[in-house]
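Next come the chains, spelled out residue by residue.
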Amino acid sequence: SNMVPKLLAFEGNRRVNAIYKAARRLESDLAAAPDDADWSAYFDRMQALYTRADAVRLPAAFLRALYDLRAHLDMVNARLVSRARRPDPWPAPPPG
């Protein structure tokens, strides 16, 4: 009976880690994207990550991992929004 929560936690953490890996891949792709990238494709990938995260079910003792994952996804999404609206996300400071 104690084994079921452990198995659920293992499977949930495996899924959380897979989503983290996909989010890191998206971050790398975003950093390397040309200024004229098809941003809709990146937003589709971002939405898919949120959908996957919403589907993860973990025992209450492991919900922190899911909370942290969602916070990471929010950070990646903010970078995506910033990059899609402004071609150079890190512009040079103005002279003088």
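The structure we're discussing is the one just above.
These lines cover the structure that appears in this document, whether it is placed above or below. (Residues numbered from 1 in each chain as written. Predicted model: local features only at pLDDT ≥ 70, side-chain atom pairs only at ≥ 80, totals over all residues. Heavy atoms only, no water.)

Here we come to the side chain of His 72. Considering the arrangement of structural elements, one finds His 72 in helix α3 (residues 63-85). Assessed through its relative accessible area of 16%, His 72 is described here as buried. With residues near it in sequence (within four places) discarded, His 72 still touches Tyr 20, Ala 23 and Glu 27. (Helix = DSSP H or I, 4+ residues; strand = E, 2+ residues; numbered from the N terminus. Buried < 20%, exposed > 50% of the residue type's maximum accessible area, 1.4 Å probe, protein only. Contact = heavy atoms within 4.5 Å.)

So, on to the packing of helix α2 (residues 39-55) against α3. Each pair of packed helices can be summarised by the angle the axes make with each other and by the distance between the axes. Look at α2 against α3: their axes get within 11 Å of each other, and the N-to-C directions meet at 170°. Taken together, the axes of α2 and α3 are roughly antiparallel relative to one another. Contacts from Trp 39, Tyr 42, Phe 43, Met 46, Leu 49, Tyr 50, Ala 53 and Asp 54 of α2 reach α3 at Leu 66, Leu 69, Arg 70, Leu 73, Asp 74, Val 76, Asn 77, Leu 80, Val 81, Arg 83 and Ala 84. Among the residues forming the contact of α2 with α3, the class breakdown is 14 nonpolar, 1 polar and 4 charged. (Axes fitted to C-alpha atoms, helices over the stretch in contact; angles between N-to-C directions. Parallel < 35°, antiparallel > 145°, perpendicular 65-115°, else oblique. Nonpolar A, V, L, I, M, F, W, Y, C, P; charged D, E, K, R; others polar.)

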